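In case you want the letters, here they are:
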Amino acid sequence: MLDLAPDRVTVPTLGAVWRSVLGATDFSVFVYGATGRFKTALASLLQQHFGTGFAAHRLRGSWTSTANFNEVMTFIAKDAVLVIDDFRPGAAERRRLAGEADRLLRAGAVGAGRGRLKSDTSLRPAHPPRALILATGEERPSGESLIARMLKHR
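The sections below set out a description of the structure shown in this document. Values in this document were obtained by computation on a predicted structure and should not be read as measured data.

A short note on helix 1 (residues 7–20)
(1) Moving on: Taking 1.5 Å of rise per residue, 14 residues should cover 20 Å, and helix 1 covers 19 Å from first to last C-alpha, within 8% of that figure.
(2) Moving on: Of all the residues in helix 1, the buried ones are Val-9, Thr-10, Thr-13, Leu-14, Ala-16, Val-17 and Ser-20. Buried residues along helix 1 cover an arc of 140° about the axis, so they all sit on one side. Summarising the geometry of helix 1, the exposed residues directed more than 90 degrees from the buried face are Asp-7, Arg-8 and Trp-18.

Considering the nonpolar core
(1) Moving on: Ranked by internal contacts, the top residues of the largest apolar core, which has 18 residues, are Phe-30, Trp-63 and Leu-105.
(2) Moving on: Sorting the residues of this core by element identifies strand 1 (28–32), strand 3 (81–87), helix 4 (94–110), strand 6 (132–137) and helix 5 (144–148) as the ones contributing at least two each.
(3) Moving on: Top element by residues in this core is helix 4. It accounts for four residues.
(4) Moving on: Leave out the neighbours within four places in its chain, and Leu-105 touches Ser-28, Phe-30, Trp-63, Ile-133, Pro-141, Leu-146 and Met-150.
(5) Moving on: Residues Val-29, Leu-42, Val-81 and Leu-132 belong to the second largest nonpolar core, which totals 16 residues.

So, helix 3 (residues 67–76)
(1) Moving on: Every buried residue belonging to helix 3 is among Ala-67, Asn-70, Glu-71, Met-73 and Thr-74, and all of these are buried. Along the axis of helix 3, the buried residues cluster in a sector spanning 160°; they form a single face.
(2) Moving on: The inward-facing, buried residues of helix 3 contact strand 2 (61–62), strand 3, helix 4, strand 4 (116–117) and strand 6.

Looking at a nonpolar patch on the surface
(1) Moving on: Taken together, the side chains of Met-1, Leu-2, Leu-4, Val-11 and Leu-45 present a nonpolar region at the surface, about 420 Å² in accessible area.
(2) Moving on: Mapped onto the elements of the fold, Leu-2 is located in the segment before helix 1.

Some thoughts on unusual backbone geometry
Most peptide bonds adopt trans geometry, and most residues besides glycine take a negative phi value.
(1) Moving on: For Phe-38, which is not glycine, the phi torsion reads 65° and is therefore positive.
(2) Moving on: Its location among the elements puts Phe-38 in the loop between strand 1 and helix 2 (39–47).
(3) Moving on: On the accessibility criterion, Phe-38 (64% relative accessible area) is exposed.
(4) Moving on: At Thr-121, a position not held by glycine, the phi torsion is positive, near 70°.
(5) Moving on: Counting through the fold element by element, Thr-121 comes out in the loop between strand 4 and strand 5 (123–124).
(6) Moving on: Using a relative accessible area of 59% as the deciding quantity, one classes Thr-121 as exposed.

Quick notes on the rules
- Residues numbered from 1 in each chain as written.
- Predicted model: local features only at pLDDT ≥ 70, side-chain atom pairs only at ≥ 80, totals over all residues.
- Heavy atoms only, no water.
- Helix = DSSP H or I, 4+ residues; strand = E, 2+ residues; numbered from the N terminus.
- Expected span 1.5 Å × (residues − 1).
- Buried < 20%, exposed > 50% of the residue type's maximum accessible area, 1.4 Å probe, protein only.
- Arc of directions from axis to C-beta.
- Core = buried A, V, L, I, M, F, W, Y, C linked by side-chain atoms within 4.5 Å.
- Contact = heavy atoms within 4.5 Å.
- Patch = residues over 30% accessible without salt bridge, like charges linked within 9 Å, V, L, I, M, F, W, Y side chains within 5 Å.
- Areas by Shrake-Rupley, 256 points an atom, 1.4 Å probe, with all protein chains shown as cover.
- Salt bridge = Lys/Arg side-chain N within 4 Å of Asp/Glu carboxyl O.

These results come straight from atomic positions and should not be treated as a statement about function.
Rendered as C-alpha cells:
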C-alpha cells in the first residue's frame, strides 16, 4: 500500500483506516489531483479494509449522490472509512456542490448531524457522521475553516 503513491499521500490515508476504528474523529481526509492519478483506486483499496465489495466501480459514496444520501451513509458506516468519490464540480453546479461538500465535511469534523423536524414539528433523529470521510476529487473544496478541518493530499 505504501508504495502506491508518495508517502505524503499513503501514510496519512492508511493511517486513517486504522484511526477510523477507534471512533469519532474531528477531521476528514481529502485526496485531490488531476485525472488519471489513481485517487479512486487508492481510496477503494483503503475502503476494502472494511469489505471486499468496495471495488473502485462499486464505492457507495459519491459527490453525484444527494447530500442527504451521503449524510446517512456517513452515519451508517460507523467506525469505518467511507469514500465519497469524485469531487469535480462543473461551472453550473459549483456553488451547490461546494455547499454540499462544506456541509458534509464540516459535519464530519464537528460530529454533528443536521437537525430536522417532522411535519407535526416533532424532532427527527439526526444522523451525525460516524465514519471517517475519505473524499477524492480533481480539486478540493474552498473555505479557510473547512480546509482547516481536512487532511489534504495531492
